[in-house]
Amino acid sequence: MHGVRRSALRHYVTKTTGHYHRRGFSFHNHLLDELEERGFISQVTRQGPRSRIPKKPFTDPQTVYAGIDPTGQSLHVGHILPMMSLVHFQIRGHNIIPLIGGATARIGDPSGRSTERPQMDLVRVEENITRLTASVDRFFQRALDYASFRHSGLFSCSPPRIMNNIEWFLNLNFLDFLRIAGTQARVNSMLARESVQSRLKSNQGISFAEFSYQLLQAYDFMTLFQRAGCTIQIGGSDQWGNIVAGIDLISRTNSGINGGATSEKVFGLTTPLLTTSAGEKFGKSAGNAIWLDETMTSVLDFYQFFMKTADEDVERFLKLFTLISLQKIENIRKPELRIAQKVLAEEVTTLVHSANGLRHAQEATRVLFSTDFNNVNAADILAALFGDPRLQHVSSDDLFQVPVSRLAVKHGAARNLINLGGLYLNGSPVSIDQKVSPSDLVGERIVFLRAGKTNHAVLTLV
């Protein structure tokens, strides 16, 4: 990390009774002002939140939640925006609830979609929930460690309360749901939602199940309000109608309860749809999501994803995905040297994969994109690439008897680059029939193959 020693972590962090304690944390802006300046806020349901959220941290804590559908087994980079929204609340002393949609995932949210989502197999949903819950827990543990580096001061953060809406939907029968939520909903309001209108105009239309989704999410907000005192919901810009539906339901069902609760006591905010300057949906690389689980997207690929950020996007991403102060972000913006991309990659990799993960990504980058392998430590590179698909274990017979061209094809490089002089062994061009010799081994264990500028394979003896 920039200007912060890793050894400082234990000095700043202790963990007691489920709470994290930090020293030196200071805030100068109102939380909503900070979120707005960083680009987190697309819409807020009302202006009252500023009176509900005090400027001074750790006073009058609110409870805020954001939903996560278990459509995958891990968080991906598209989730960082809502998760970082929760982090900003958490490090100011508020209570946060990441809500896994174990029940609603069985229906499918029509928001932002032109066609109906395919029904997910229930076994797959359960598997996703188990792994996604671990992914969410890991994210917030590392986020608090990252926050302790990025700021100094004293603060105490409650750990996230990860919940699953199957808890209240599993034993809720249809008649009770209609009696509680259905009688309070107005069909004309439901029909007016943008997500419904766009589907009504499509050829496929909208199923009754998806039409009812807004009631299910509204029921989530109401339940969390009643059970956990939750007053704030965060969602993407396509969730506006669902959030408003929840506020309406709370207003109608809780008048006279909890001190006369109405919509004046709850609100929602939406984050913008995050796209690149080229108009592409953020987090997609050649059609594949960039996952936060290192077994699904390697730490090196994660790091390189942010290193490749376009100049037009990097300042915005620094504001959204890091806790660097806005003033410092202004000072680092030097696209001609790609300094900002390096800082962004370092910060987000530390946030998601810890300082140790960053070290591995940097070591792998240094070696794979180098032409000098004299100072490479084999043990270090094996540790840095542990679990990375580029690292391949081969027998001595294969390594020394199979031509490099065939090794390259087998382990991910392109043979047709040989004739163009585009295949390299330890940084040197390869002839068509050349084989690896024991003298080529780096650290007596590994060799490096590269096809073109970016396709790498690291072969290590079994």
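Thresholds applied
- Residues numbered from 1 in each chain as written.
- Predicted model: local features only at pLDDT ≥ 70, side-chain atom pairs only at ≥ 80, totals over all residues.
- Heavy atoms only, no water.
- Helix = DSSP H or I, 4+ residues; strand = E, 2+ residues; numbered from the N terminus.
- Buried < 20%, exposed > 50% of the residue type's maximum accessible area, 1.4 Å probe, protein only.
- Salt bridge = Lys/Arg side-chain N within 4 Å of Asp/Glu carboxyl O.

Is there a simple way to explain unusual backbone geometry in this structure?
When glycine is set aside, most residues are seen to have a negative phi, and most peptide bonds are trans. The backbone phi angle of N426 is positive, close to 50°, even though this residue is not glycine. Not every positive phi belongs to a glycine, and E444 is a case in point at roughly 65°. Residue placement: E444 occurs in the loop between β14 (428-429) and β15 (446-451). The class of E444 is exposed, set by a relative accessible area of 69%.

Help me understand the pattern of salt bridges in this model?
Opposite charge on two side chains permits them to pair, given that their charged atoms come into close proximity. Tallying each qualifying case throughout the model produces 14 salt bridges. Between R179 and D176 there is a salt bridge, with its nearest N and O atoms 3.8 Å apart. One end of the pair is R179 and the other is D176, both in helix α7 (residues 174-182) and 3 residues apart, which spans about a single turn. The exposure class assigned to R179 is exposed, which follows from its relative accessible area of 53%. Owing to a relative accessible area of 28%, D176 belongs among the partly exposed residues under this scheme. Measuring nitrogen to oxygen at the nearest pair gives 2.5 Å for the salt bridge that ties K342 to E346.

Looking at this structure, I do not really get the environment of I97. What am I missing?
With respect to the helices and strands, I97 occurs in strand β5 (residues 95-100). When the C-alpha positions of I97 and T63 are compared, they lie 7.4 Å apart, and in sequence the two are 34 residues distant.

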